[in-house]
Amino acid sequence: MPEVYDRVLLGDRSYDLVAGGRRFVASLAARFPGKGAAIERYLAEVLAMSRRGAPFFAERALPHRLSQLVGGALRAPFLRSSDRTVEEVVRPIVGDGDLYDVLTAQCGDYGLTPRYASFAIHAMVVSHYLQGAYYPIGGSSQIATGAAAVIAQAGGEIFVAAEVEQIVIERGRAVGVRM
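This text gives an overview of the structure that appears in the document. This structure is a prediction, so every number in the text was calculated from the model and none was measured.

## Some details on the packing of helix α1 (residues 21-31) against helix α2 (residues 36-59)
- Between α1 and α2, whose axes approach to 9 Å, the crossing angle comes to 145 degrees. Read as a crossing pair, α1 and α2 show a hand that is right-handed. Along the contact surface, α1 presents G21, F24, V25, L28 and A29, while α2 presents G36, I39, E40, Y42 and L43.
- Considered class by class, the residues forming the contact of α1 with α2 number 7 nonpolar, 2 polar and 1 charged.

## Details of the pattern of salt bridges
- In the structure shown here, the tally under the stated rule is 6 salt bridges.
- For R75, the salt bridge is made with E59, and the minimal N-O distance between the two is 2.9 Å. One end of the pair, R75, is in helix α3 (residues 64-81); the other, E59, is in helix α2, and 16 residues separate them in sequence.
- The shortest N-O distance in the salt bridge between R115 and E87 comes to 3.5 Å. Highlighted residues: R115 in the loop between α5 (98-103) and α6 (119-129) and E87 in helix α4 (residues 86-94), separated in sequence by 28 residues.

## Section: the pairing of strand β2 (residues 13-18)
- The sheet contact formed by strand β1 (residues 4-10) and β2 spans 6 bridges and is antiparallel. Across the sheet, the residue bridging to V4 is V18, located in β2.

## Some remarks on the environment of R115
- Along the primary structure R115 and T85 are separated by 30 residues, whereas in three dimensions their C-alpha atoms are 6.3 Å apart.
- Ignoring any residue separated from it by four or fewer positions in sequence, one finds R115 in contact with T85 and E87.

## Some points on the side chain of S82
- Relative to the helices and strands, S82 is located in the loop between α3 and α4.
- Ignoring any residue separated from it by four or fewer positions in sequence, one finds S82 in contact with M49, S118 and A120.

## Some words on the packing of aromatic side chains
- Scanning the entire structure with this criterion turns up 5 aromatic pairs.
- Between Y5 and Y129, the ring centres sit 6.2 Å apart and the planes meet at 10 degrees, which makes this aromatic pair stacked. Remark: Y129 occurs in helix α6 and Y5 occurs in strand β1; sequence separation between them is 124 residues.
- Among the residues examined, Y5 registers a relative accessible area of 2% and is labelled buried.
- Relative to F32, the ring of Y15 lies with its centre 5.3 Å away and its plane at 15 degrees, an arrangement referred to as stacked. Residue Y15 is located in strand β2, and its partner F32 is located in the loop between α1 and α2; the two are separated by 17 residues in the primary sequence.
- With a relative accessible area of 4%, Y15 lands in the buried category.
- A residue is classified by how much of its surface remains accessible, and F32, at 11% relative accessible area, is buried.
- Cluster of aromatic residues (ring-pair linked, three or more members): F56, F57 and F78.
- When the ring centre of F56 is taken as reference, the NZ or CZ atom of R60 above it lies at 4.5 Å.
- Sitting above the plane of the Y100 ring, R91 keeps its charged end 3.8 Å from the centroid.

Procedures and definitions
- Residues numbered from 1 in each chain as written.
- Predicted model: local features only at pLDDT ≥ 70, side-chain atom pairs only at ≥ 80, totals over all residues.
- Heavy atoms only, no water.
- Axes fitted to C-alpha atoms, helices over the stretch in contact; angles between N-to-C directions.
- Helix = DSSP H or I, 4+ residues; strand = E, 2+ residues; numbered from the N terminus.
- Left-handed = near helix turned anticlockwise from the far one by under 90°.
- Contact = heavy atoms within 4.5 Å.
- Nonpolar A, V, L, I, M, F, W, Y, C, P; charged D, E, K, R; others polar.
- Salt bridge = Lys/Arg side-chain N within 4 Å of Asp/Glu carboxyl O.
- Pairing = 2+ DSSP bridges.
- Phe/Tyr/Trp six-rings, centres within 6.5 Å; stacked < 30°, edge-to-face > 60°.
- Buried < 20%, exposed > 50% of the residue type's maximum accessible area, 1.4 Å probe, protein only.
- Lys NZ or Arg CZ within 6 Å of the ring centre and 35° of its normal.

Functional significance is not addressed by these values, which are geometric in nature.
Printed below as a string of structure tokens:
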């Protein structure tokens with residue numbers, strides 16, 4: 001059974017987003033007959049945009065002088081299309097309807113509707129999840145619970161809404177917090 005990493009509910013209908021590019025396309029094409037080519041084109045646009053983002057973000061890690069030399073060339077492919085909205089890119093590919101809603105349903109991950117969201121951000125979110133996703137059993141609070149146990153084992157404590165008196169600095173490094 002293919003790995004479902006997200007489920008989109010439209011009224012009483014449910015659409016699974018399946019991990020893996022080929023499975024993603026095949027699964028949605030089975031639910032939207034005649035739209036296989038549009039789904040493939042959508043995915044190609046997502047992956048191309050995501051690839052343009054890699055040099056853009058890598059440039060941020062370069063030493064300043066090197067960034068001044070090559071930064072513009074690294075950023076340009078991404079910046080040329082980062083201002084296009086999800087709606088501008090996706091709607092002409094898939095047309096109106098449920099398929100558009102399914103393909104743009106992850107907009108909650110980046111906080112804007114497809115009409116206003118950058119296609120570049122959408123593409124990075126979609127391509128990130130495309131190989132699958134995992135959720136903690138018991139919800140996201142389990143991450144904090146697990147971290148709290150590790151902090152306690154190391155002799156640390158967690159305070160919530162506590163007033164900080166001073167951050168303790170030794171030899172240029174933060175080594176503690178005085179409450």
